[in-house]
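One-letter residues, chain by chain:
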Amino acid sequence: MFFDVDGTLLEFADDPAAVAPSARLLDLLYALHTGLNGALALVSGRRLADLDRLFNRPAWAAVGLHGLELRRAEGTCRKIEVVATQQTHMHEVVHPLAARFAGVQVEDKGLAIALHCRRAPQQMPGLRAAALAVSAHLPGYEVQVGNLVVEFKPTGIDKGDAVLELLQDASFVNRLPVYLGDDLTDEHAFARVNAAHGISVRVGSRVPTLAHFTLADPAAVEAWLRRVLATIHAETSADV
């Protein structure tokens, strides 16, 4: 099972740093990780360090920064580096760009920068247009548009690539992949999971989507995962 975080496991907030999973959700995810024999991963635009802080440093596979960072189930990590001058140039361009739009919040992730419009949704059309315009002059970087956010991230990898990479690991290989996500960034992963004859689940009502199934919101996700866990426990008991 692969989970996007914000908008899928956690409700959105004006400040991404202000959200946190409940103890109930944490217990559920830890139990699923055990029940799935380690075949559980978080796939997020957040940094791995942020995911570890949120989820109490779990020993789970995880993808950060849309695939730039990846930790395998056995604990080994890889990180895709970018040209330092390209990263510096991106920072020099994006911070002044954000300052032009009142109410836009800057989330500086180092390798990437996300500009959030949740506090000022009316700014999204203008910000998106400006971001796409300046990205043409940022070698090595591209704009990823999401739910009231535009993100400048290095080119060449996405969540779908990261999921495909994890599917080669021992904990995931020859297993039916299930991916839950809510945003445009998750469409790459839906495509990969569909190609592997897996289960793709859109959270929310965003259209169009490649996902084959839908859950309404993070509360519905949690309720469904509890049924999944109950099924796993029932099957395990039947095998004993």
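1. So, the side chain of His116
Here comes step 1: Take His116: it is sitting in strand E7 (residues 113–116).
Here comes step 2: Other than its neighbours up to four places away in sequence, His116 contacts Pro16, Gly103, Val104, Gln105, Glu107, Leu148 and Val149.

2. Quick look at the nonpolar core
Here comes step 1: Judged by nonpolar contacts, the single largest core of 47 residues is most densely connected at Leu9 and Phe55.
Here comes step 2: If we skip the residues at most four places from it in the chain, Leu9 touches Phe3, Asp4, Leu25, Leu29, Leu42, Phe55, Pro218, Val221 and Leu225.
Here comes step 3: Leu111, Ala131, Phe152 and Ile157 belong to the second largest nonpolar core, which has 24 residues in total.

3. With respect to the sheet that holds strand E3 (residues 61–64)
Here comes step 1: Here 8 strands make up an open sheet; going across it, the order is E5-E4-E3-E2-E1-E10-E11-E12 and the pairing mixed. Because the sheet does not close on itself, it has two edges, and the strands there are strand E5 (77–79) and strand E12 (213–215).
Here comes step 2: Where strand E10 (residues 178–181) and strand E11 (residues 199–203) come together, 4 bridges link them in parallel fashion. Within E11, the position partnered with Leu180 by the bridge is Val201.
Here comes step 3: Set on the sheet, helix H6 (residues 187–195) makes contact with E10 and E11; between it and E11 the angle comes to about 155°.

4. Digging into the layout of surface pockets
Here comes step 1: In this model, the largest pocket occupies a volume close to 320 Å³.
Here comes step 2: Considering each element in turn, the lining of the largest pocket owes the most residues, 5 residues, to helix H7 (residues 218–239).
Here comes step 3: Tallied by class, the residues present in the lining of the largest pocket amount to 13 nonpolar, 2 polar and 2 charged.
Here comes step 4: As a volume, the second largest pocket reaches approximately 160 Å³.
Here comes step 5: A class-by-class count of the residues in the lining of the second largest pocket yields 4 nonpolar, 4 polar and 5 charged.

5. Considerations on empty space enclosed by the protein
To find leftover empty space, one rolls a probe the size of a water molecule over the atoms.
Here comes step 1: Tallied over the entire structure, the rule returns 1 cavity of 30 Å³ or more.
Here comes step 2: Approximately 360 Å³ is the volume found for the largest cavity.
Here comes step 3: Lining the largest cavity we find 25 residues, and of these Asp6, Phe12, His116, Val149 and Asp183 sit closest to its centre.
Here comes step 4: Taken together, the elements giving at least two residues each to the lining of the largest cavity come down to E7, strand E8 (141–146) and strand E9 (149–154).
Here comes step 5: Grouping the constituent residues of the lining of the largest cavity by class yields 6 nonpolar, 8 polar and 11 charged.

The rules behind these values
- Residues numbered from 1 in each chain as written.
- Predicted model: local features only at pLDDT ≥ 70, side-chain atom pairs only at ≥ 80, totals over all residues.
- Heavy atoms only, no water.
- Helix = DSSP H or I, 4+ residues; strand = E, 2+ residues; numbered from the N terminus.
- Contact = heavy atoms within 4.5 Å.
- Core = buried A, V, L, I, M, F, W, Y, C linked by side-chain atoms within 4.5 Å.
- Buried < 20%, exposed > 50% of the residue type's maximum accessible area, 1.4 Å probe, protein only.
- Pairing = 2+ DSSP bridges.
- Axes fitted to C-alpha atoms, helices over the stretch in contact; angles between N-to-C directions.
- 1 Å grid on protein atoms, 1.4 Å probe; cavity = no way out; pocket = protein on both sides within 12 Å on 5 of 7 lines; lining within 4 Å.
- Points joined across faces, edges and corners; volume = space filled by probe spheres on them.
- Nonpolar A, V, L, I, M, F, W, Y, C, P; charged D, E, K, R; others polar.

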